[in-house]
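Coordinates in review
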Amino acid sequence: MKVKKFLCSEKTAPYVFALPFLISFVIFWIYPLISAIIMSFQDIGAVSTKFIGAKNYLKLLKDGVFHIAVLNSFEYMLLTCVLLIPFPLLYAVLMDSRLVKAKGVWKAVLYIPALTSVVISGTLFRLMFSEYKTGQLNILMTMLNMPTIKWLKVKWTSEIALLLLCCWRWTGVNMLYFLSGLKSIDKSLYESADIDGATTWQKFKFITIPLIKPTSIYVLTITIYAGLSMFLESFMLWSGNSSPNNIGLTIVGYLYKRGIEKNDMGYACAVGVVLMVIGLTINFIQLFFNGTLKKEED
Amino acid sequence: MKKKLVSVLISAAMSVTLLAGCGSVNAPEGSAATDGAAAEEGTGSAEEAAEDASGTEAEPEAVTTVGPEDGTKMQMWSFVEAHNTFYATMLEKWNEQNPDRQIQITFTTYPYSDMHQKLIMSLQTGSGAPDLCDVEMGQVPNVYEGVDQWLYPLDEAMTPYAGDMLTSRLDAYKGADGKQYGAPFHVGATVMYWNMAELEKYGITQEDVDNVVTWDDYTALGKKYVEAVGEDGKYFTSVDTGGTDWLWLAMAEYGDDWTGGYDGEANVELDSVKKMLNMQQSWLNDKIAEVSPDGHIDLEAGYQNILDHNIVSFPKAMWYMSRFKNYMPDEKGNWYITKCPVFEEGQNCSVGIGGTGTVVTQQSSDPELAADFLCFAKMSPEGEKLIWEDLGFDICNTSLWEDDSFAHDDSNYYNTFFRNYPYDVLNNIKDQIGTIMTVKISPTINEQMCTTTLNEVLENGTAVDDALAEAQQAIELDE
């Protein structure tokens with residue numbers, strides 16, 4: 001009886017319902033987060049572990065490879081934001097308009113890549129971008145009478161490969177996000193705009209863009225996170241974590257390299273903490289300027 | 001329609017969040033891509049996986065159990081299925097010969113990096129490690145970190161065979177405390193492979209090849225060949241940006257070692273290394289050599305390059321013979337093996353490269369029995385014969401090298417594949433095989449070379465001294 005009363009009381013019920021989430025959040029997020037921060041101040045050896053102060057962080061400051069990794073991740077994040085927001089939005093608007101026939105087919109075509117494993121698609125892209133003359137892109141180059149390229153050995157050509165893989169995979173997903181945002185816009189707004197003689201561009205600019213803002217912010221936030229934490233794409237494209245002159249190394253790749261490949265968990269945790277700080281800072285700035293963090297106006 | 005779409009999206013979002021949760025602790029959520037799937041397809045760094053890079057495709061886990069039910073139950077892991085097949089055959093022999101010490105082993109094959117990571121994790125946490133495990137040379141420093149707290153020394157178990165084993169090879173698998181922790185498969189002696197059939201087409205005879213003693217001779221012959229062919233895309237050899245074999249050979253010739261051994265300091269700015277890299281740069285300029293497609297020749301692109309006769313000679317360890325069997329069987333009868341050229345006459349002409357040291361863990365249910373079996377499998381003449389026949393490795397048991405029935409056995413695939421007997425070459429260079437240590441700093445040096453330095457020098461034409469000075473700085477940061 002008491003239990004029932006306890007569960008049904010207005011005060012406790014919300015906590016009871018939220019409990020599964022809270023427990024998993026504490027166990028799988030808060031606890032590892034705190035222990036990672038602690039570990040980042042330690043030298044974790046095979047047999048013994050000792051505190052070494054901020055040595056890991058000081059080493060990060062001098063570590064040229066880490067700097068390359070940060071720059072690579074940043075660049076990738078920025079470029080994916082540039083590519084993965086306007087284009088999916090455009091596709092979503094097209095899908096929502098009467099211009100496109102057989103929408104279901106197009107949606108499926110754009111979404112299917114997201115269902116394939118990165119392991120498989122990365123391998124396929126690696127073969128396509130092979131420097132050997134039998135790689136698809138080099139066959140294309142030969143057909144165009146151009147010299148073959150060592151795609152994955154040069155910074156900018158490998159960037160193309162990475163971005164192509166990323167866009168191929170995520171455009172459909174982001175498009176669906178935008179599409180759901182578009183569906184929630186009241187059609188009567190467009191009708192009244194039509195009556196007022198608004199052009200298509202004006203409707204897009206003054207109705208679609210402002211009303212789809214929550215979706216855009218969400219997509220921007222996850223794109224930033226995904227861009228900064230990219231790893232598997234690069235891992236598969238170079239069939240391992242080592243790329244020539246580290247052109248494909250990302251922050252998470254470096255974390256993996258230090259923590260798993262070199263078994264230096266303390267240093268890897270420091271890398272992880274820095275990544276977390278960078279990710280949080282960027283997103284806080286972004287959310288602040290979007291006004292998301294301001295109190296809702298009533 | 002609207003509802004359906006929303007619900008699809010919500011469930012998609014939920015599953016993405018769930019997956020992101022499985023990812024690495026510190027990585028902020030993002031694409032589900034960051035989760036453990038990466039580990040499923042591992043090849044390790046190019047050079048490290050050298051010995052058995054056939055693992056470039058992640059094989060599915062293969063599990064087999066061999067031995068009687070009432071035997072001592074053990075687990076064994078490897079990253080090459082052929083190794084496990086070999087151990088299984090040896091286990092049957094062991095059980096026949098030792099009725100009172102029966103063993104039942106469950107063999108599991110994992111992809112390269114997956115297996116090594118699992119092993120290190122289980123050693124570190126103190127549970128879950130197998131009784132016996134293959135450890136690839138490049139990973140030895142990581143696995144040996146816990147010395148006798150993690151691994152069981154083999155010194156006692158190998159006494160019956162130790163006298164016949166090549167000492168320099170055993171030394172490569174010793175721990176920092178001087179105890180023997182790993183049992184080797186092979187010497188991995190580096191030799192020169194020549195495509196005689198192709199060379200003969202352009203008037204270069206076996207005698208010309210035999211007369212190559214120094215690298216200068218080699219360069220001259222290369223010039224002659226390339227001029228005779230006079231075709232774009234045809235080279236004498238290929239140099240590696242993703243492997244350090246050439247540099248190891250150069251160091252061994254001068255008796256250098258960039259790791260400095262267990263107690264020394266790493267130094268990559270060695271004259272031997274500089275000489276080799278400068279020579280390679282000049283080959284590239286003179287179009288005698290090309291950069292190996294995909295970085296080194298022990299990859300699909302490398303085999304294809306050899307099959308296309310784009311290159312006609314290269315130095316590689318003896319175990320590369322098995323690549324001919326597995327990937328280039330049509331080349332039978334074309335190839336000839338000699339010792340490698342040297343910089344100055346009288347130098348060592350070979351170096352042991354790659355290898356798998358098999359270890360017994362302290363977590364084993366019966367480490368003594370496991371060690372005895374392991375040494376029987378990998379060091380006894382019976383085992384060594386099977387290694388040569390099944391795996392095509394140049395074995396470490398030197399007593400067999402001169403045994404005519406073994407070294408000149410024409411029923412053996414490799415003995416008839418090449419134009420000469422591989423063991424004749426090996427006998428010839430027996431005392432000239434150098435060793436480069438694999439110590440804690442080795443993976444760092446290797447990585448720096450294969451990702452940055454070699455690319456700078458051979459792809460971008462950076463001055464050798466500058467590139468090595470930069471490498472030295474990066475390596476010192478890790479020491």
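Calculation criteria
- Residues numbered from 1 in each chain as written.
- Chains lettered and ligands numbered in written order.
- Predicted model: local features only at pLDDT ≥ 70, side-chain atom pairs only at ≥ 80, totals over all residues.
- Heavy atoms only, no water.
- Pairing = 2+ DSSP bridges.
- Helix = DSSP H or I, 4+ residues; strand = E, 2+ residues; numbered from the N terminus.
- Axes fitted to C-alpha atoms, helices over the stretch in contact; angles between N-to-C directions.
- Patch = residues over 30% accessible without salt bridge, like charges linked within 9 Å, V, L, I, M, F, W, Y side chains within 5 Å.
- Areas by Shrake-Rupley, 256 points an atom, 1.4 Å probe, with all protein chains shown as cover.
- Salt bridge = Lys/Arg side-chain N within 4 Å of Asp/Glu carboxyl O.
- Buried < 20%, exposed > 50% of the residue type's maximum accessible area, 1.4 Å probe, protein only.
- Phe/Tyr/Trp six-rings, centres within 6.5 Å; stacked < 30°, edge-to-face > 60°.
- Lys NZ or Arg CZ within 6 Å of the ring centre and 35° of its normal.
- Core = buried A, V, L, I, M, F, W, Y, C linked by side-chain atoms within 4.5 Å.
- Domains from an automatic or database assignment.
- Parallel < 35°, antiparallel > 145°, perpendicular 65-115°, else oblique.
- Left-handed = near helix turned anticlockwise from the far one by under 90°.
- Contact = heavy atoms within 4.5 Å.
- Nonpolar A, V, L, I, M, F, W, Y, C, P; charged D, E, K, R; others polar.
- Buried area = accessible area lost by both parts, 1.4 Å probe.

**Things to note about the sheet that holds strand 9 (residues 313-317) of chain B**
Residue and element names in this part refer to chain B. Read across the sheet, three strands follow the order 9-6-10 without closing on themselves; strand pairing throughout is antiparallel. Edge positions in the open sheet fall to strand 9 and strand 10 (335-338), since each of these has one partner strand only. Here the average twist between neighbouring strands, direction ignored, is 30°. Bridging between strand 6 (residues 190-195) and strand 10 involves four bridges; their strand directions are antiparallel. The residue of strand 10 that forms the bridge with Met192 is Thr338.

**Points about a nonpolar patch on the surface**
Residues and elements named next belong to chain A. The grouping of Leu19, Phe21, Leu22, Ile23, Phe25, Val26, Ile27, Phe28 and Trp29 at the surface amounts to a nonpolar patch, some 840 Å² of accessible area in total. By secondary structure assignment, the location of Ile23 is in helix 2 (residues 13-39). We classify Ile23 as partly exposed; its relative accessible area is 42%.

**Let's talk about the packing of aromatic side chains**
Residue and element names in this part refer to chain A. Going through the model one piece at a time under the given rule, you end up with 54 aromatic pairs over all chains. When the ring of Phe125 is compared with that of Trp168, the centres are 5.7 Å apart and the planes differ by 55°; the resulting orientation is tilted. Taken as a pair, Phe125 in helix 7 (residues 118-128) and Trp168 in helix 9 (residues 155-183) lie far apart in primary sequence, 43 residues in all. Classification of Phe125 as buried rests on a relative accessible area of 7%. Ring geometry for Phe129 versus Trp151: centroids 5.6 Å apart, planes at 85°, classification edge-to-face. Here Phe129, found in the loop between helix 7 and helix 8 (136-143), pairs with Trp151, found in the loop between helix 8 and helix 9; they are 22 residues apart in sequence, far enough to count as distant. For the residue pair Phe129 and Trp151, the accessibility class agrees, reading buried in each case. The residue whose ring lies beneath Lys133 is Tyr132, and the NZ or CZ to ring-centre distance is 5.0 Å.

**A word on the nonpolar core**
Ranked by size, the top nonpolar core spans 126 residues in total, and within it Tyr193, Trp194, Phe236, Trp258, Tyr320 and Phe373 of chain B carry the most contacts. Per-domain counts for this core show at least three residues from each of domain 1 (53-187 + 354-399) and domain 2 (190-351 + 436-478) of chain B. Phe129, Leu165, Ala193 and Ile207 of chain A belong to the second largest nonpolar core, which has 37 residues in total.

**What about the pattern of salt bridges?**
Under the criterion given, the structure shown has 27 salt bridges over all chains. Across the pair Lys153 of chain A and Glu459 of chain B runs a salt bridge, and its minimum N-O distance is 2.8 Å. In this pair, Lys153 of chain A sits in the loop between helix 8 and helix 9 while Glu459 of chain B sits in helix 21 (residues 442-459), so the two residues belong to two different chains. For Glu459 of chain B, a relative accessible area of 26% translates into the label partly exposed. The salt bridge involving Lys274 of chain B is made with Asp465 of chain B; its shortest N-O contact spans 3.8 Å. On the criterion of sequence distance, the pair formed by Lys274 of chain B in helix 13 (residues 271-285) and Asp465 of chain B in helix 22 (residues 464-478) is long-range, its members being 191 residues apart. With relative accessibility at 44%, the residue Asp465 of chain B sits in the partly exposed group. Through salt bridges that share partners, Lys59, Asp63, Lys257, Arg258 and Lys262 of chain A together with Glu447 and Asp478 of chain B make up one connected network.

**Notes on the packing of helix 12 (residues 213-228) of chain A against helix 15 (residues 265-290) of chain A**
Residues and elements named next belong to chain A. At their nearest, the axes of helix 12 and helix 15 sit 10 Å apart, and the two run at 165° to each other. One finds that helix 12 runs roughly antiparallel with respect to helix 15. Here helix 12 runs over helix 15; the crossing is right-handed. Of the residues in helix 15, those touching helix 12 at Lys213, Ile217, Leu220, Thr221, Ile224, Tyr225 and Leu228 are Leu275, Ile278, Gly279, Leu280, Ile282, Asn283, Gln286, Leu287 and Asn290. For the contact of helix 12 with helix 15, a count of residues per class yields 10 nonpolar, five polar and one charged.

**Here's the deal with the pairing of strand 12 (residues 356-361) of chain B**
All names here are of chain B. Most of strand 12 is tucked away: six of the six residues are buried. Side-chain alternation along strand 12 places Thr356, Thr358 and Val360 on one buried face and Gly357, Val359 and Thr361 on a second face that is also buried. Across five bridges, strand 4 (residues 132-136) lies against strand 12 in antiparallel orientation. By the bridge assignment, Glu136 is partnered in strand 12 with Thr356. Direction of pairing for strand 5 (residues 151-152) relative to strand 12: antiparallel, over a ladder of two bridges.

**Digging into the domain arrangement of chain B**
Residue and element names in this part refer to chain B. Here chain B is described as being made up of domain 1 (53-187 + 354-399) and domain 2 (190-351 + 436-478). Between domain 1 and domain 2, the C-alpha centre-to-centre distance is 30 Å. Taken residue by residue, the interface counts 19 residues in domain 1 and 15 residues in domain 2. For the pair domain 1 and domain 2, the summed buried area comes to about 1,300 Å², and 58% of that belongs to carbon and sulfur atoms. Across the domain 1-domain 2 interface, the total number found is zero salt bridges. A total of three residues in the side of domain 1 that touches domain 2 trace back to one element, the largest contributor, which is helix 17 (residues 381-391). Broken down by class, the residue content of the side of domain 1 that touches domain 2 amounts to seven nonpolar, seven polar and five charged.

**Details of unusual backbone geometry**
Although it is not a glycine, Ser239 of chain A sits at a positive phi angle of roughly 45°. Note on placement: Ser239 of chain A falls in the loop between helix 13 (232-237) and helix 14 (251-261). On the basis of relative accessible area, Ser239 of chain A is assigned to the partly exposed category, the value being 25%. Residues other than glycine seldom take positive phi values, yet Asp294 of chain B does so here, at roughly 65°. Exposure remark for Asp294 of chain B: the relative accessible area of 39% places this residue in the partly exposed category.

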